[in-house]
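# Close look at the chain arrangement
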Amino acid sequence: MKNNFNKTMISFLSIDNRVIEDLTMGAKIDLAYSVLDFNQNFRDKIKNKNKPSNMLRDMKHLYFATEAKYYITEDDMTYKKSKFVCEALHIKVKILKMNEFINKFN
């Protein structure tokens, strides 16, 4: 999936004649999160505790973390999606769980 992800995003954008080069980093992250939701391995399940607004918040957290060195999350799906998006978009922030962050400095 990683090998074809950029092509998938470009295809998704072609629906309304947008091009990836014209997107801001925030729009690219939003697009990547949206495209990932079509894949069963990354799909967030909507429940009482996990509403669409939570997914939007997770995406915004990653966007604001793009200028940081580390982004720490304990949410498994946010961790998984954020790592994938950062690799796909060549974002340098390191996505870690709290124990990974602590072990980094022990």
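You'll find the structure just up there.
Everything numeric here is computed off the predicted structure, so don't read it as measured data. (Residues numbered from 1 in each chain as written. Predicted model: local features only at pLDDT ≥ 70, side-chain atom pairs only at ≥ 80, totals over all residues. Heavy atoms only, no water.)

### Observations regarding helix α1 (residues 5–14)
When α1 is considered as a whole, its buried residues turn out to be F5, M9 and L13. For α1, the angular spread of buried residues about the axis comes to 80°, placing them on one side. Looking at the buried residues of α1, the elements they touch are α2 (25–36) and α4 (76–89). (Buried < 20%, exposed > 50% of the residue type's maximum accessible area, 1.4 Å probe, protein only. Helix = DSSP H or I, 4+ residues; strand = E, 2+ residues; numbered from the N terminus. Arc of directions from axis to C-beta. Contact = heavy atoms within 4.5 Å.)

### Describing unusual backbone geometry
Despite not being glycine, N17 has its phi angle at roughly 60°, a positive value. Positive phi is not limited to glycine here, since H90 has a value of about 60°. In this fold, H90 is placed in the loop between α4 and β2 (94–96).

### Describing the nonpolar core
Ranked by size, the top nonpolar core spans 24 residues in total, and within it M9, I29, L62, V85 and V93 carry the most contacts. Breaking this core down by element, the ones donating at least two residues are α1, α2, α3 (52–65) and α4. Per-element tally for this core: the top contributor is α2, with six residues. (Core = buried A, V, L, I, M, F, W, Y, C linked by side-chain atoms within 4.5 Å.)

### Side note on a nonpolar patch on the surface
A contiguous nonpolar patch, built from M25, Y63 and F64 and spanning about 320 Å² of accessible area, is present on the exposed surface. Residue position: M25 is located in helix α2. You can call M25 partly exposed: its relative accessible area is 34%. (Patch = residues over 30% accessible without salt bridge, like charges linked within 9 Å, V, L, I, M, F, W, Y side chains within 5 Å. Areas by Shrake-Rupley, 256 points an atom, 1.4 Å probe, with all protein chains shown as cover. Salt bridge = Lys/Arg side-chain N within 4 Å of Asp/Glu carboxyl O.)

### Comments concerning the packing of aromatic side chains
Given two aromatic rings, one states the distance between the centres and the angle between the planes to describe the pair. For the coordinates displayed, the defined rule picks out seven aromatic pairs. Taking the centre distance of 5.8 Å and the plane angle of 55° together, the rings of F12 and F38 count as tilted. Separated by 26 residues along the polypeptide, F12 in helix α1 and F38 in the loop between α2 and α3 bring together distant segments of the chain. On the basis of relative accessible area, F12 is assigned to the partly exposed category, the value being 28%. Taken together, F5, F42 and F84 form an aromatic cluster joined through their ring pairs. (Phe/Tyr/Trp six-rings, centres within 6.5 Å; stacked < 30°, edge-to-face > 60°.)

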